[in-house]
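Inside the fold
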Amino acid sequence: TLVFAAGTAAPDTSIFSFYGSTLLFEFAAGCALGWLVNSEKYFAPFKRVPGWIYIAAGTPIFVANSTIAAPIDDRFLRWGIPATLIVLGAIMWDMTSTKPVKGLLPTLGDHSYSAYLLHPFVLIAAQFLLLPLVGESMVLILLTLPIVMIATAVVSMLSYKWIEIPSRNFLRRF
């Protein structure tokens, strides 16, 4: 919080803009969620709620926020909190599942870091390639969402196979 406050109050330079960004709170929320899941004592109350409830709470907020024009400063409230709820729900769903999940979902989970890193580039490409074709109608933009999601999945799978796995194998030597 102090780093965010200092970054927000400081002159508008690249380094202060980064530390004053609410994106840091999204990163901190992910770290806190990771710590929470590994803490039996503090995670116990969350286990009482089925995972689908967290997903059901986060998804409509996420969808509603995508139709509201608001300043980027609200990023953590608009995207970080609902995304954290959805991720918590997926974790809970996985932890309480009686059968191991096989197939596409675990594969996408393995590729999630690549998706996290590369989805902005897919969105930029979609903006330049698809937006001129579909226009700026909200309905048409929402119809392109599956294309963007599939493209992100493909790009992240390729990145995982050709960059992440070789990098991980190389670094394990040390």
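About the cut-offs
- Starting afresh in each chain, residues are numbered from 1 along the sequence in its written order.
- Residues qualify for local features only when their pLDDT is at least 70, as the model is predicted, and side-chain atom pairs are given and counted only at 80 or more; totals for whole chains, interfaces and linings, by contrast, use all residues.
- The side-chain values count all of the structure's non-hydrogen atoms but skip hydrogen atoms and water molecules.
- To qualify as a helix, a DSSP run of H or I must reach at least 4 residues; to qualify as a strand, a run of E must reach at least 2; elements of each kind are numbered from the N terminus.
- Contacts are residue-level and defined by heavy atoms, with any inter-residue pair within 4.5 Å sufficient.
- Pairing of aromatic side chains requires ring centres within 6.5 Å, counting the rings of Phe and Tyr and the six-membered ring of Trp. Pairs whose planes differ by under 30 degrees are stacked, by over 60 edge-to-face, and all others tilted.
- Think of it in three bands: with a 1.4 Å probe and only protein chains considered, a residue is buried below 20% of the maximum accessible area for its type, exposed above 50%, and partly exposed in between.
- The definition of a nonpolar core used throughout is a set of buried Ala, Val, Leu, Ile, Met, Phe, Trp, Tyr and Cys residues joined through side-chain atoms within 4.5 Å.
- Multiplying 1.5 Å by the helix residue count minus one yields the expected span of that helix.
- In what follows, salt bridge is the name for a side-chain nitrogen of Lys or Arg lying within 4 Å of a carboxyl oxygen of Asp or Glu.
- The axes are straight lines fitted to the C-alpha atoms, using for helices just the contacting stretch, and the angles between their N-to-C directions are given from 0 to 180°.
- Reported orientations rely on four angle classes, namely roughly parallel under 35 degrees, roughly antiparallel over 145, roughly perpendicular from 65 to 115, and oblique for the rest.
- Here the term patch refers to residues with relative accessible area over 30% and no salt bridge, with like charges joined within 9 Å and nonpolar side chains (Val, Leu, Ile, Met, Phe, Trp, Tyr) within 5 Å.
- Calculation of accessible area relied on Shrake-Rupley with a 1.4 Å probe; when residues are assessed, cover is drawn exclusively from the protein chains displayed.
- Helix crossings get a hand from a simple test, with the near helix turned counterclockwise from the far one by less than a right angle marking a left-handed crossing and a clockwise turn marking a right-handed one.
- Gly counts as polar in this scheme, as do all residues outside two lists: the nonpolar Ala, Val, Leu, Ile, Met, Phe, Trp, Tyr, Cys and Pro, and the charged Asp, Glu, Lys and Arg.

A count of helices and strands for the protein gives 10 helices and zero strands. Listed by position from the N terminus, the elements making up the protein come as α-α-α-α-α-α-α-α-α-α. Long-range pairs, those at least 24 residues apart, make up 62% of the contacts in the protein with a sequence separation of at least 6.

By secondary structure assignment, the location of Thr59 is in helix α5 (residues 51-65). A sequence separation of 23 residues divides Thr59 from Pro82, and the C-alpha atoms of the two residues are 6.7 Å apart.

Tallying each qualifying case throughout the model produces five aromatic pairs. Judged by centre distance (5.3 Å) and plane angle (35°), the rings of Trp35 and Tyr42 are tilted. When its relative accessible area of 51% is taken as the criterion, Trp35 is described as exposed. Taking the centre distance of 5.3 Å and the plane angle of 75° together, the rings of Phe170 and Phe174 count as edge-to-face. A residue is classified by how much of its surface remains accessible, and Phe170, at 41% relative accessible area, is partly exposed.

Within soluble globular proteins, side chains that are nonpolar generally end up buried alongside one another. Counting residues in each nonpolar core, the largest one holds six residues, listed as Leu33, Leu36, Phe43, Tyr54, Leu88 and Met92. Elements that contribute at least two residues to this core include exactly α3 (23-37) and α6 (75-96). When near neighbours in sequence (up to four residues on either side) are disregarded, Met92 contacts Phe43, Phe46, Lys47, Val49, Gly51 and Tyr54.

So, on to α6. For α6, with 22 residues, the first-to-last C-alpha span of 31 Å sits near the 32 Å given by 1.5 Å per residue. Listed as buried for α6 are Arg78, Gly80, Pro82, Leu88, Gly89 and Met92. Turning to α6, the residues buried within the fold contact α3, α4 (40-47) and α5.

Time to look at the pattern of salt bridges. Overall, the coordinates contain one salt bridge when judged by the stated rule. For Lys47, the salt bridge identified is with Glu40, shortest N-O distance 3.0 Å. Residue Glu40 is classed as exposed on the basis of its relative accessible area of 54%.

Next up on the list: the packing of α3 against α4. Running from amino to carboxyl end, α3 crosses α4 at an angle of 95°, the nearest separation of the two axes being 7 Å. Relative to α4, the element α3 lies roughly perpendicular. Between α3 and α4, the contacting residues are Trp35, Leu36 and Val37 on the first element and Tyr42, Phe43 and Phe46 on the second.

A cluster of nonpolar side chains, contributed by Met138, Ile141, Leu142, Leu145 and Met149, occupies part of the molecular surface with about 430 Å² of accessible area. Position of Ile141 relative to the elements: it lies in helix α10 (residues 138-172). Ile141 sits in the partly exposed class, given a relative accessible area of 30%.

This paragraph deals with the side chain of Ser114. Looking at the secondary structure, you find Ser114 in helix α8 (residues 112-129). Given a relative accessible area of 3%, Ser114 falls into the buried group. Among all residues touching Ser114, those that are not within four sequence positions of it are His119, Ser156, Ser159, Tyr160 and Glu164.

Attention shifts here to the packing of α3 against α6. Their axes nearest at 9 Å, the elements α3 and α6 cross at an angle of 20°. In this view, α3 runs roughly parallel relative to α6, as classed from their interaxial angle. In this structure, the crossing between α3 and α6 has a hand that is right-handed. Together, Leu23, Phe25, Glu26, Ala29, Leu33 and Val37 of α3 and Arg75, Phe76, Gly80, Thr84, Val87, Leu88, Ile91 and Met95 of α6 make up the contact between the two elements. Here the contact of α3 with α6 is composed, by residue class, of 10 nonpolar, two polar and two charged.

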